[in-house]
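# Fold and contact review
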Amino acid sequence: MKILKFGGTSVGSADSIRTLVEILRNSGDEDYPVVVLSAMHGVTNLLQAMAEKALVAGDYTADLKEIEQKHFEVVKALLPASAQNPVFTKLKIYFNELEDILSSVYHLKELSPQTRDLILSFGERCSTFMVSHIAKQSFPNAVPVDGSELIKTDSNFGQAKVDTELTETLIQDFYQANSTQLLFVTGFIASNNEGRMTTLGRGGSDFTAAIWGSALQASQIEIWTDVDGMLTADPRMVEKAFSLPELSYTEAMELSYFGAKVIYPPTMIPAFLKKIPIVIKNTFNVDFEGTCIKHGANTSDLPIKGISSIDEISILNLSGSGMVGKAGFSGRLFSLLSREQINVVLITQSSSEHSITFAVKPADALKALALISKEFELELQAKKLEYPEVENGLAIMAIVGENMKHTPGIAGKLFNALGRNGINVRAIAQGSSEYNISVILSKVDLSKAVNAVHDAFFANLKKTLHIFCLGTGNIGKTLFSQLLVQSPLLAKNNDLEVKVMGISNTRQMYLNEESIDLVNWENELNTYAEPADLKEFVRKMKDMNLPNCVFVDNTASANPVNFYKEILESSISVVTCNKIGNSADYEQYAAFKKAARKFGVDFYYETNVGAGLPIIRTLKDLMMSGDNLFSIEAILSGTISYIFNNFKDDVRFHEIVKAAQDKGYTEPDPRDDLNGKDFMRKMLILARDAGYPLEEADVEIQSMLPPACMAAESVADFYVELENNTAYFENLKKQAADGGKVLRYIGKLEGGKVSITLQMVDDSHPFYMLSGSDNIISFVTDRYKDRPLVIKGPGAGAEVTAAGVFADIINVGKK
């Protein structure tokens, strides 16, 4: 025999009640189940509101009318006209009785807990009577049962304690006398020994089901609700939350205690004691298996079973020397709170015994503060205790699972996920059972924390990176195209999902909390954008407070650099192809590095030096692995590389410069490339990454051009001067050719000094065979002394630069 309990949404409309009846038809059990019902969805809240309105002489008639209408509409929809009248009559009697009670509250201006319980009882009484008569169309033996007559409690109205022995006797006798009937029982309500109505508190209907299941030794208790069982996290908070097929009683109680609202912990105790399985099912997805909570649940590969939370909590901190070594102090404190019915949610105490921190509901915080101040008045006056502090605006997050026990690294993974996302933990608690680690944190960080931890622990799911992009030029557009094409492969091979949450250029910006569609990003930007304001863009990015965020700078502007430190200090990683930030003052470069280390995020800029070439990462790996760097030589300008690779035979120097400009290799004024400044910035960044605190002035640059060329007033005059100096360039070319050498403009880091000079190299040099516009770099180290480590390839272009930015983003995702 089974107990089937249907929640408020399961009896909340004509359609859901039809489904309920269909579930009963398909139950297929030899014995009739016992059906426990909640009030219709929203009715208990309306009853509560009506009671409060009546107390302050407010108008509750509209709410009463709404409740009547909800019930009457269902009756009209599901019962034939011939069967409606008896139901309408009984419901009307209930509503008239309810109106009389509310009128008494209104006139007496008194609402006792006993009266409140009586008012709330009408929800279950009305729904149970109505649904049983609807079911009677399919099950002629269906009868409503007033559960308050069979469940006996004390007189603690609102949260009555059940007299288990008497209750089980009454239920067993009643069921034995009515075993051929299909019983529809009111959930939530009970009565004391005087027959006065009481209620079982939060989760009372589930509790009713468990009480009946325990009394009748049911084979199973089914809780029909509006979700697919117990999920790994609150689906309203975590999109990727998924249903758990099985949980142990301990896991379910831990999850439920910390906010999983599918089932309330005390309701499981009767079933727990009798080892009766509880199955959570979805009325609106009947075929889904749901979650089975049972004794001896099968082992799982999941490191944790779920993440639950309480989003409103306050903590009190009590500290002082008067606590140290004082036997009985904690007992005195918590006995005081217990006597005053203040529930303590979490406790943590320092090993020095100098402080105790505990969490309570916000509604109890001031009361607890007043009680402590009175109880420990002498200690406070004698300065043996500090005046207790209350912190509000907090939340609790808990990770739960039996696999946590004796599994190394669980706590480390939890705190790493929180730390990388800049989430400050106010207090921590873990029981010796190791089934639960609870942390208290700011309420505003709760959603971010739950998502970050969910991503960290459930490796079978895709991790999500949220990126905010500056720049929609060639590199920005190409990056979006690459992300769009690679997304399926990232999900399949790397379990990584990259969502673009914000885009900005110099004209307009657009942020979308649901993410921006990369198929249609330009249209969305033009349609929904607001005027660009980088300060506002950064503020909104921070306010979205998403986990695993990356700020991507695809510009060449100095303005975004001013925000890097603030962004890193907000625990948001930075990926940039903009070399201005790292090649300006060394102090700024060091500040970015320090902020990234301090706040546990990444600052990646691979594309600052060689576009998509793995230059910075190679240097970092060499140094981290203990190799000793002797020197670096490099050609890091695609423009200059192209010019000298093609300056041969009969080609004149001014002709090859013009050809480079025509191909788009140079800036509009070629001197911006040929002056070596951009090359200098790249070498400066390499030197700094190699551990040398150099400034721009420390780099020696040999000009490859005669002074007259650099001093020309216009680009046209520049070309005239280049042609006028043809003999100079031809002489350089001839000298090189006569010696079997080629001209190369080479940057060199050696002994902490950086120089950029025009050199002639022979075929023994790794740069001799360079072609096209390729960049090249060679590392001479202890390990690569005789044959340098050489990296060669395209060092410019939107495709390779965007690919380098993409690779940096993915490397953030790996962490």
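Above this text is the structure in question.
## Concerning the overall build of the protein chain
Of regular secondary structure, the protein chain possesses 30 helices and 29 strands. Relative to the globule expectation of 28 Å for 815 residues, the C-alpha radius of gyration of the protein chain, 37 Å, shows a markedly less compact shape. Structurally, the protein chain occupies a C-alpha span of about 115 × 75 × 50 Å along its principal axes. Across the 815 residues in the protein chain, those meeting the buried criterion constitute 52%. Within the protein chain, counting contacts between residues at least 6 apart in sequence, those at least 24 apart form 72% of the total. On the protein chain, roughly 36,000 Å² of surface is accessible, and the fraction owed to carbon and sulfur atoms is 49%. The centroid of the 79 positive side-chain charges in the protein chain is displaced by 2 Å from the centroid of its 101 negative side-chain charges.

## Digging into the packing of aromatic side chains
With the rule as written, the count across this model stands at 24 aromatic pairs. Where Phe-72 meets Phe-88, the ring centres are 5.1 Å apart and the plane angle is 85 degrees; that geometry is what we call edge-to-face. Taken together, the residues Phe-72 in helix H3 (residues 61–78) and Phe-88 in helix H4 (residues 81–108) connect sequence positions 16 residues apart. On the basis of relative accessibility, which here comes to 16%, the residue Phe-72 falls in the buried class. When the ring of Tyr-728 is compared with that of Phe-729, the centres are 5.1 Å apart and the planes differ by 75 degrees; the resulting orientation is edge-to-face. According to the relative accessible area criterion, Tyr-728 is partly exposed, its value standing at 35%. For Phe-729, a relative accessible area of 2% puts it in the buried group. A connected cluster of aromatic rings, assembled from ring pairs, spans Phe-644, Phe-647, Phe-653, Tyr-728 and Phe-729. Taking the ring centre of Tyr-94 as reference, the NZ or CZ of Lys-90 above it sits at 4.9 Å.

## A short note on the packing of H3 against H4
Across the interface, H3 lies against H4 with an axial gap of 11 Å and an inter-helix angle of 170 degrees. Classed by the angle they form, the pair H3 and H4 counts as roughly antiparallel. For the pair formed by H3 and H4, the contact residues are Leu-64, Ile-67, Glu-68, His-71, Phe-72, Val-75 and Lys-76 on the first element and Gln-84, Val-87, Phe-88, Leu-91, Lys-92, Phe-95, Leu-98 and Glu-99 on the second.

## Digging into the sheet that holds strand E14 (residues 389–400)
Backbone-to-backbone hydrogen bonds pair the strands of a sheet. The strands run either parallel or antiparallel. Spatially, six strands are ordered E12-E13-E11-E14-E16-E15 in an open sheet, and the strand pairing comes out antiparallel. The open sheet terminates on both sides in strands that have one partner only, identified here as strand E12 (346–349) and strand E15 (425–430). Direction aside, neighbouring strands of the sheet carry axes that sit 30 degrees apart on average. Bridge count between E15 and strand E16 (residues 436–442): five bridges; the pairing is antiparallel. Its bridge partner being in E16, Ile-428 is matched across the sheet by Val-439. Helix H11 (residues 362–375) contacts strand E11 (306–319), strand E13 (355–360) and E14 of the sheet and is inclined by roughly 20 degrees relative to E11. Along the sheet, helix H13 (residues 410–420) contacts E14, E15 and E16; its crossing angle with E16, the most-contacted strand, is approximately 15 degrees.

## A short note on the sheet that holds strand E20 (residues 530–531)
Across the sheet, seven strands lie side by side as E20-E19-E18-E17-E21-E22-E23; this open sheet has mixed pairing. A strand with exactly one partner marks an edge of an open sheet, and here the two such strands are E20 and strand E23 (603–604). Of the pairings in the sheet, the one linking strand E21 (residues 549–553) to strand E22 (residues 573–576) comprises four bridges and is parallel in character. Across the sheet, the residue bridging to Val-552 is Val-575, located in E22. Of the strands in this sheet, strand E17 (463–470), strand E18 (496–504), strand E19 (508–511), E20 and E21 are in contact with helix H17 (residues 534–544), which crosses E19 at around 5 degrees.

## Looking at helix H29 (residues 726–738)
Helix length check: H29 (13 residues) gives 18 Å between terminal C-alpha atoms against 18 Å at 1.5 Å per residue, within 8%. Among the residues of H29, those classed as buried are Thr-726, Phe-729, Leu-732, Lys-733 and Ala-736. Summarising the axial view, the buried residues of H29 lie within an arc of 130 degrees, below the 170-degree limit, and thus occupy one face. Away from its buried face, by an angle of more than 90 degrees, H29 presents the exposed residues Ala-727, Lys-734 and Asp-738. Residues of H29 that are buried sit in contact with helix H24 (653–662), helix H28 (715–724), strand E26 (742–750) and strand E27 (753–761). Remark: Gly-740 follows H29 within two positions and exhibits a positive phi of approximately 65 degrees.

## Observations regarding unusual backbone geometry
Note: most residues except glycine have negative phi, and most peptide bonds are trans. In this structure, Gln-341 is a non-glycine residue whose phi angle is positive, near 60 degrees. Relative to the helices and strands, Gln-341 is located in the loop between helix H10 (329–339) and E12. The class of Gln-341 is exposed, set by a relative accessible area of 66%. The phi torsion at Ser-515 lies on the positive side, around 95 degrees, for a residue other than glycine. You can see Ser-515 is positioned in the loop between E19 and helix H16 (521–528). Taking the relative accessible area as the measure of exposure, Ser-515 reaches 23% and is therefore partly exposed.

Rules of the game
Residues numbered from 1 in each chain as written. Predicted model: local features only at pLDDT ≥ 70, side-chain atom pairs only at ≥ 80, totals over all residues. Heavy atoms only, no water. Helix = DSSP H or I, 4+ residues; strand = E, 2+ residues; numbered from the N terminus. Rg over C-alpha atoms; globule rule 2.2 N^0.38 Å. Buried < 20%, exposed > 50% of the residue type's maximum accessible area, 1.4 Å probe, protein only. Contact = heavy atoms within 4.5 Å. Areas by Shrake-Rupley, 256 points an atom, 1.4 Å probe, with all protein chains shown as cover. Lys, Arg positive; Asp, Glu negative; His and termini not counted. Charge placed at Lys NZ, Arg CZ, Asp CG, Glu CD. Phe/Tyr/Trp six-rings, centres within 6.5 Å; stacked < 30°, edge-to-face > 60°. Lys NZ or Arg CZ within 6 Å of the ring centre and 35° of its normal. Axes fitted to C-alpha atoms, helices over the stretch in contact; angles between N-to-C directions. Parallel < 35°, antiparallel > 145°, perpendicular 65-115°, else oblique. Pairing = 2+ DSSP bridges. Expected span 1.5 Å × (residues − 1). Arc of directions from axis to C-beta.

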